Amino acid sequence: VSFSQKTYAARGQEHEHPLAKQLFANMERKKSNLSVAADVATKAELLLLADKVGPYICVLKTHIDIVEDFDMDLVAQLQALAEKHDFLIFEDRKFADIGNTVKLQYGGGIYRIADWAHFTNCHVIPGEGIIQGLAEVGMPKGRGLLLLAEMSSKGMLATGAYTDKNVEMAVKNEFVVGFIGSRRFTEDRDLITMTPGIGLHASGDALGQQYRTPETIVTKNGSDIIIVGRGIYGPGKDVAAEAQRYRDAGWAAYEKRLAK
Ligand code: 5BU
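Fair warning: this is a prediction, and the values are worked out from it, not measured in the lab.

Engineer: When you look at the overall build of the protein in this model, what are you seeing that I'm missing?
Structural biologist: A tally of helices and strands in the protein yields 10 helices and 8 strands. Taken over the C-alpha trace, the protein has a radius of gyration of 17 Å; the compact-globule value for 260 residues is 18 Å, and the two agree within 12%. Each principal axis of the C-alpha distribution contributes one length, and for the protein these read about 45 × 45 × 40 Å. At a minimum sequence separation of 6, the contacts of the protein that also span at least 24 residues come to 69%.

Okay, structure coming up:
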């Protein structure tokens, strides 16, 4: 039986990676496979958004380098909100350099990503050394890595043999807990797929983003987590109401998948 036919709860119990276990348990507890992409420019906006969507999400996805007044107090406050609302943090850093460099970028610098982000991600364009470099920093801290097997944007080049290579590398590297992509990629190991480019109404934006529905991505394609940004906090939106709506839509799509 395919992993996409199993419940998140069962997958959590069977999983060998403590972080994946934690994530699946969280999803089951909150009845949520929703991650919010918090692309806002200030500390105050990020904290307000996280507090509003917190009850409805399993994962908060950040782009920490967008925040113009970043400081370590932001991290402390985000961690407090993660505790309060019971969610995990994913820094969508998209590392893409040689192993030695990404080690420095992941563990140090201004952001010290490995100290607070449960998940981060990378392109495998430099080869497998990037995974090894990140693993040296992240594994001792119990973190997990997602490989960018596909992207959501128009004309993206992660296809075919390149996507297959991502899958191959993911299966054999224990630091890897999953993918960014549009579907379930393998049955060789229970790797989690998170999918950005989710929208209930818009079909895209002016810069190449393409949106698909939770039904297509979760029910049909077997992806596990939907990532939603502007669909939830775009102009004029009631953020908490939209978060709840996407949470319900994502969970309904998952239940429909189980019933298939
Ligand atoms: P949106 O507002 O729902 O379009 O935001 C999507 C978010 O997901 C945004 O933070 C992007 O950086 C991120 N993203 C994406 O859109 N597509 C991808 O393939 C990857 C990340 Br990887």
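Engineer: What should I look at first to understand the site of the ligand in this one?
Structural biologist: In the vicinity of the ligand lie 17 residues, with Ala37, Met151, Pro196, Gly229 and Arg230 positioned nearest. Breaking the shell around the ligand down by element, the ones donating at least two residues are strand 8 (225-228) and helix 9 (230-233). Grouping the amino acids of the shell around the ligand by side-chain chemistry returns 7 nonpolar, 7 polar and 3 charged.

Engineer: Help me out: how do you make sense of helix 4 (residues 72-85) in this one?
Structural biologist: The α-helix advances 3.6 residues per turn, and as a result positions three or four apart in sequence lie on the same side. Its 14 residues give helix 4 an end-to-end C-alpha distance of 20 Å, which sits within 8% of 20 Å, the value for a rise of 1.5 Å per residue. Immediately downstream of helix 4, the backbone of Asp86 shows phi near 65°, a positive value.

Engineer: When you look at the UniProt feature "binding site: substrate" (unreviewed entry) in the protein in this model, what are you seeing that I'm missing?
Structural biologist: Mapped onto this numbering, the UniProt entry annotates "binding site: substrate" (unreviewed entry) at Asp39, Lys61, Ser152, Gln209, Gly229 and Arg230. On the secondary structure map, Asp39 appears in the loop between strand 1 (34-38) and helix 3 (43-53). Exposure remark for Asp39: the 17 C-beta atoms within 10 Å place this residue in the partly exposed category. Beyond its immediate stretch of four places on either side in the chain, Asp39 contacts His63, Ile66 and Gly229.

Engineer: Honestly, the packing of helix 3 against helix 4 in this entry has me stumped. Any pointers?
Structural biologist: The geometry of a pair of packed helices is captured by two quantities: the angle between their axes and the separation between those axes. Contact pair helix 3 / helix 4: the axes reach a minimum separation of 10 Å and the direction vectors enclose 5°. As the angle between them shows, helix 3 and helix 4 are arranged roughly parallel. Of the residues in helix 4, those touching helix 3 at Lys43, Leu46, Leu47, Ala50 and Asp51 are Leu74, Gln77, Leu78 and Leu81. Residue composition of the contact of helix 3 with helix 4, by class: 6 nonpolar, 1 polar and 2 charged.

Engineer: Quick question: what am I supposed to make of the sheet that holds strand 7 (residues 192-195) here?
Structural biologist: Paired through backbone hydrogen bonds, the strands of a sheet run either parallel or antiparallel to each other. Taken together, the 8 strands give a closed barrel; going around it, the order is 1-2-3-4-5-6-7-8, and neighbouring strands pair in parallel fashion. Across the sheet, the axes of successive neighbouring strands diverge by a mean angle of 30°, strand direction being ignored. As defined by bridge partners, strand 1 adjoins strand 2 (residues 59-62) across 4 bridges and the pair is classed as parallel. Counted as the bridge partner of Ser35 is Val59 from strand 2.

Engineer: Just checking my understanding: could you explain the UniProt feature "domain: Orotidine 5'-phosphate decarboxylase" (unreviewed entry) in the protein for this structure?
Structural biologist: In the numbering used here, UniProt assigns the "domain: Orotidine 5'-phosphate decarboxylase" (unreviewed entry) feature to residues 33-245. Across residues 33-245, the secondary structure splits into 35% helix and 18% strand, with the terminal C-alpha atoms separated by 12 Å.

Engineer: Looking at this structure, I do not really get unusual backbone geometry. What am I missing?
Structural biologist: Among all residues save glycine, negative phi is the norm, and among peptide bonds the norm is trans. For Asp86, which is not glycine, the phi dihedral falls at a positive 65°. For Asp86, a count of 15 C-beta atoms within 10 Å gives the class partly exposed. Residue Arg112 is not a glycine yet carries a positive backbone phi of 45°. Tracing the chain through its elements places Arg112 in the loop between helix 5 (99-107) and strand 4 (119-122).

Engineer: What should I look at first to understand the nonpolar core in this one?
Structural biologist: Proteins that are soluble and globular tend to have nonpolar side chains buried together. Grouped together as the largest cluster of nonpolar side chains are 71 residues, with contacts concentrated most on Val36, Ile57, Leu134 and Leu147. Excluding residues that lie within four positions of it along the chain, Val36 makes contacts with Val53, Ile57, Leu60, Lys61, Val228, Ile232 and Ala243.

Thresholds, definitions, all that
Residues numbered from 1 in each chain as written. Predicted model: local features only at pLDDT ≥ 70, side-chain atom pairs only at ≥ 80, totals over all residues. Helix = DSSP H or I, 4+ residues; strand = E, 2+ residues; numbered from the N terminus. Rg over C-alpha atoms; globule rule 2.2 N^0.38 Å. Contact = placed C-beta atoms within 7 Å. Near = placed C-beta within 6 Å. Nonpolar A, V, L, I, M, F, W, Y, C, P; charged D, E, K, R; others polar. Expected span 1.5 Å × (residues − 1). UniProt positions renumbered as here; feature names shortened; annotations may be inferred. Buried ≥ 20, exposed ≤ 12 C-beta atoms within 10 Å, placed from the backbone. Axes fitted to C-alpha atoms, helices over the stretch in contact; angles between N-to-C directions. Parallel < 35°, antiparallel > 145°, perpendicular 65-115°, else oblique. Pairing = 2+ DSSP bridges. Core = buried A, V, L, I, M, F, W, Y, C linked by C-beta atoms within 7 Å.

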